Amino acid sequence: MFTTTKLFLQVTACGALFALNTYAVSADPTRYGFGEPASANDLQDFVSSLPDGRDLPAGSGTISKGKQVYDEKCASCHGQKLEGDIGDRLIGGRGTLVNNDPKKAPVKTVESYWPYATTLFDYIKRAMPFYTPGSLTNDEVYSVTGYILSEAKILNGDEPITAKSLSKVAMPNRNGFIPDHRPDHFKPADKHPRLR
Amino acid sequence: MSILDPNSDAKNQLKIASLVEAEEAFLAKARKNANSAYFSQNHIEPEKPVKGEPAKGVDPLQRPHNRRHFLASFAVLASSSVAGRAIAQTAASPDGKAPPGAVWRSVPEDATKIPGTAIGEDGGYGTRSQFETEVRWRFGTKTPLSSWSMTPLEHGVGIITPSGLHFERDHGGIATIDPATHKVFVHGMVKQPKKFSMLDVKRFPSISRILFIECSGNGLTEWSKPTLKTVQGTHGLVSTSEWTGVPLSTILNEVGVKSGAKWLLVEGGDSSVMTRSIPIDKAMKDCFLAYGQNGEAIRPEQGYPLRLIAPGYEGNTHIKWVRRIELSDKPFMTREETSKYTDLLPSGKAVQFSLVMDAKSVITRPSGEMTLSGPGFYEITGLAWSGRGRIKRVDVSTDGGRTWKPAGLQGPILPICQTRFRFPWVWDGKEAILQSRCVDETGYVQPTLGQLIEVRGLNGPIGSIYHLNAIQSWKVDTEGRVSNVHYY
């Protein structure tokens, strides 16, 4: 115990000395002052999105341009009809989520399962096309997002697809998610176990 | 993470079939390898009776603690007959090629009669023995760029997973990143957005913790019927390492968190630009940015040069190749926390942000596809872990859960870390069902599969996919063959 305390004191002393050193470079005594300020320029290429459309980049697209992008850059992996291949199936599956049959799989797609359209823009922008991620312009991503949503019968018409319009899309499964209720409370099982 | 694509039955069956195939290919090789626990002529040997001591039918629990039993049973899997050794050498190296992570050297008849390899011949970085062949095996997804590989738990001793055997999950391949140019940007609802080089990151006071990471998809093939045969297949998406890095609280203090900030987006610098939202309370409590793993730099496939560690949270939140942290008042609802990593219940509702990994345990030896060579003493051993704290106890049943006896726990018993348990057992040659059940320090009791399905239902062949933490059953038949069964 004695040695532990002594060691602890030494460590604290070191820490204090270390902190003293940094006081010289940091105006704020609770900070170390390491790292550099990040400028708007540094951050301009990062993309993330919140469901209310904040953080999405400027730009706009159309469903018809989106079809071109899709046919050229997505169909090879997600299928001509968005039915899926190497990449996930993107449409269909409405009405399959309520199910307690171990033999029948629910069909989870952008159409049936995704709660937010902003997520679709965000994901395509960061990770697709799979072999050349980050290669699409923002306008192309808005367009192809619009095209997938139109094939999913969620969007139609010629309205431009923008950050604002995506935040207003009513996704079919918008209210399909509930918070985590765990931990569950299990008692040691007292039934008669058997092979299943 | 589309661990399995639950989109269609046909597709699922195809993918599960490919995993079964991958396991079968591995087993075919392993059965011929005398060093493998699955070697088919070299069963797990029961301990030879000690002179003057009864061999069979004696409950070792009733016997005074016999050190030799424990030592002997430890060696069981590694040891083999002389003939077995010879096979091992040829099996491991039919063409003078060493297994991954090893260098092939010719084996003298008698190593006392000839000098060994000169020091330094390895270039200064050691390799494992050429006789050790265990490897991670990969799930046969359509592209190896988004896939996962599993830890061979059945070969593990102690609690640390060798870095080279730590399970992997990537969504766009393993990124190669030069630490000299790598930067981490921290911005959003902060007073001073900042960028940190790796040198900056390493200047901050550091911490080390031994923690497990488990993919919440671990065991997803096992919901509706026993599917994979080995413990590597049923449980291999969990591993334990010592991680070293900087507390996120230190970094966040450095940029100054604005009031109202509730969530962090953590982003990876790989080609999937992986993102997850983490609650700020969790970030301030115990998350850290790790650059060290088991005493050296973190491995590339584990996120070199920097990985988020979120103790006790599902593996996907432990973002690898971290390049950016953005603070916000709301979760970002990324693809991984909506499309994937949500637990779809029979009601059609899906549980979201089910982040903590519940307590779980599994017997790693004997386990599926091993063979006991005859009645006698065996040490049952395995691992237990909980995302909520320490493991408090592990009970083992050899009769399918009718009766339970406490297993011995190997210290140190650390919070959010794997704990090894051991249980001495004399097999009487009759059919047995081996199970382990753990309790963590919060009092949470590991459920049977039946209890878990009562709560979660079975929405399709792979249920709600994630967070399967049920008791595992291994059946030992009268021939000593061990197989994966559902027994509850």
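Position numbers for residues start from 1 in each chain and track the written sequence from start to end. Labels are handed out in written order, letters beginning with A for the chains and numbers beginning with 1 for the ligands. Only residues with pLDDT of at least 70 are given local features in this predicted model, and only at 80 or more are side-chain atom pairs given and counted; all residues enter the totals for whole chains, interfaces and linings. With hydrogens and water excluded, all non-hydrogen atoms of the structure serve as input to the side-chain values.

1. Points about empty space enclosed by the protein
Remark: the empty space left among the atoms is shown by a probe the size of a water molecule rolled over them. Residue and element names in this part refer to chain B. Definitions used for this entry: grid spacing 1 Å over protein atoms alone; cavity, a set of points where a 1.4 Å probe fits but cannot get out; pocket, an open set with protein on both sides within 12 Å along at least 5 of 7 lines; lining residue, one with an atom within 4 Å of a point. Grid points are joined across faces, edges and corners, and a volume is the space filled by probe spheres set on the points. The tally for this structure, following the rule as stated, stands at 10 cavities of 30 Å³ or more. Here the largest cavity defines a volume of roughly 190 Å³. Lining the largest cavity are 19 residues, and of these Arg169, Arg307, Gly315, Asn316 and Lys320 sit closest to its centre. All amino acids are sorted into three groups, where Ala, Val, Leu, Ile, Met, Phe, Trp, Tyr, Cys and Pro are nonpolar, Asp, Glu, Lys and Arg are charged, and the leftover types, Gly among them, are polar. In the lining of the largest cavity, the residues fall into six nonpolar, six polar and seven charged. Put simply, the second largest cavity is a space of about 160 Å³. As for the second largest cavity, its lining consists of 18 residues, of which Leu449, Leu468, Ala470, Ile471 and Gln472 are closest to the centre. When residues of the lining of the second largest cavity are traced back to their parent elements, those giving at least two are helix H5 (231-235) and strand E24 (482-485). Across the lining of the second largest cavity, the residue classes break down as seven nonpolar, nine polar and two charged. Each helix corresponds to a stretch of at least 4 residues labelled H or I by DSSP, and each strand to a stretch of at least 2 residues labelled E; elements are numbered beginning at the N terminus.

2. Observations regarding the packing of aromatic side chains
Pairing of aromatic side chains here covers Phe, Tyr and the six-membered ring of Trp, requires ring centres within 6.5 Å, and sorts the geometry by plane angle: under 30 degrees stacked, over 60 edge-to-face, intermediate tilted. In the structure shown here, the tally under the stated rule is 16 aromatic pairs over all chains. Aromatic side chains A:Phe186 and B:Tyr444 sit 6.0 Å apart centroid to centroid with 85° between the ring planes, which places their arrangement in the edge-to-face category. Within this pair, whereas A:Phe186 is found in the segment after strand E2 (177-179), its partner B:Tyr444 is found in the loop between strand E22 (432-440) and helix H8 (449-456), the two belonging to separate chains. Comparing A:Phe186 with B:Tyr444, the two get one shared label, buried. Lysine and arginine charges are scored as sitting over a ring when NZ or CZ, respectively, is within 6 Å of the ring centre and within 35 degrees of the ring normal. Lying over the aromatic face of B:Trp404, B:Arg437 brings its terminal NZ or CZ to 4.2 Å of the ring centre. Exposure categories follow from relative accessible area, calculated using a 1.4 Å probe and restricted to protein chains: below 20% of the type maximum is buried, above 50% is exposed, and the middle band is partly exposed.

3. A short note on the layout of surface pockets
Size it by volume and the largest pocket reaches roughly 830 Å³. Considering the residues around the largest pocket, the lining is formed by 35 residues, among which B:Arg128, B:Glu134, B:His155, B:Pro162 and B:Leu165 are closest to the centre. A per-class count over the lining of the largest pocket returns 15 nonpolar, 12 polar and eight charged. Estimates place the volume of the second largest pocket at around 700 Å³. What lines the second largest pocket is a set of 43 residues, among which A:His78, A:Gly87, A:Asp88, A:Tyr123 and A:Met128 lie closest to the centre. Every element with two or more residues in the lining of the second largest pocket is listed here: helix H4 (75-78), helix H5 (117-127) and helix H6 (138-151) of chain A together with helix H1 (9-30) of chain B. In terms of residue count, the dominant contributor to the lining of the second largest pocket is H5(A) (four residues). Residue classes in the lining of the second largest pocket are distributed as 18 nonpolar, 12 polar and 13 charged.

4. Notes on the domain arrangement of chain B
Residue and element names in this part refer to chain B. An automatic or database domain assignment supplies the start and end points of every domain. Partitioning chain B into structural domains gives domain 1 (183-341) and domain 2 (360-485). A straight line from the C-alpha centre of domain 1 to that of domain 2 covers 29 Å. Opposite the 29 residues of domain 1 that make contact, domain 2 presents 33 residues. Two parts lose some accessible area (1.4 Å probe) when they are put together, and adding that loss for both gives the buried area. Around 2500 Å² of area is buried between domain 1 and domain 2 when both sides are counted, 63% of it from carbon and sulfur atoms. If you sort the residues of domain 1 by the area they bury against domain 2, Phe212, Trp223 and His235 come out on top, with a joint share of 32%. Salt-bridge detection follows one rule: a side-chain nitrogen of Lys or Arg within 4 Å of a carboxyl oxygen of Asp or Glu. The interface formed by domain 1 and domain 2 contains one salt bridge. The contact criterion used is simple: two residues touch if any of their non-hydrogen atoms lie within 4.5 Å.

5. Details of the nonpolar core
Nonpolar cores are built from buried Ala, Val, Leu, Ile, Met, Phe, Trp, Tyr and Cys residues. Side-chain atoms within 4.5 Å join them into one set. Among the nonpolar cores identified, the biggest contains 69 residues, and B:Trp243, B:Trp425, B:Leu434 and B:Val476 are the most heavily contacted of them. It is H1(B) that provides the largest number of residues to this core, a total of six residues. Residue-level mapping places this core at the junction of two domains, with at least three residues from each of domain 1 (183-341) and domain 2 (360-485) of chain B. Ranked by size, the runner-up nonpolar core spans 38 residues in total, among them A:Val47, A:Leu56, A:Leu97 and A:Val141.

6. Focus on the sheet that holds strand E8 (residues 263-268) of chain B
DSSP bridges decide pairing: two strands pair if at least two such bridges lie between them. In space, the six strands of this open sheet follow the order E1(A)-E5(B)-E4(B)-E13(B)-E8(B)-E9(B), with mixed pairing throughout. Each edge of the sheet is formed by a strand with only one pairing partner; in this case those strands are strand E1 (36-37) of chain A together with strand E9 (275-279) of chain B. By the bridge criterion, five bridges tie E8(B) to E9(B) in an arrangement that is antiparallel. Each residue of the ladder has a partner; that of B:Glu267, found in E9(B), is B:Thr275. Running at roughly 135° to strand E5 (residues 194-197) of chain B, helix H6 (residues 248-255) of chain B makes contact with strand E4 (183-188), E5, E8 and strand E13 (322-328) of chain B of the sheet. Note on geometry: axes are C-alpha line fits, over the in-contact stretch for helices, and angles between N-to-C directions span 0 to 180 degrees.

7. A closer look at the packing of helix H3 (residues 63-73) of chain A against H6(A)
Residue and element names in this part refer to chain A. Contact geometry of H3 with H6 gives a least axis separation of 7 Å together with a crossing angle of 95°. With respect to each other, H3 and H6 are oriented roughly perpendicular. Two secondary-structure elements touch here, H3 through Ile63, Lys65, Gly66, Lys67, Val69, Tyr70 and Lys73 and H6 through Glu140, Ser143, Val144, Gly146, Tyr147 and Ser150. In this scheme, roughly parallel covers angles under 35 degrees and roughly antiparallel covers those over 145, while 65 to 115 is roughly perpendicular and the rest are oblique.

8. Description of the interface of chain B and chain A
Contact with chain B, which involves 89 residues of that partner, is made by 67 residues of chain A. Where chain B packs against chain A, one counts six salt bridges. Of the charged contacts, one joins A:Asp88 and B:Lys340 as a salt bridge, the two residues approaching to 3.2 Å between their closest N and O atoms. N or O atoms closer than or at 3.5 Å make up a polar contact, with two conditions inside protein: a donor-capable atom paired with an acceptor-capable one, and, for residues adjacent in sequence, both atoms drawn from side chains. Remark: the boundary between chain B and chain A carries 38 residue pairs in polar contact (both at pLDDT 80 or more). Across the side of chain B that touches chain A, the residue classes break down as 31 nonpolar, 34 polar and 24 charged. Note: E2(A) against strand E15 (residues 350-352) of chain B, three bridges, orientation parallel. Directly across from A:Pro179, in E15(B), lies its bridge partner B:Gln352.

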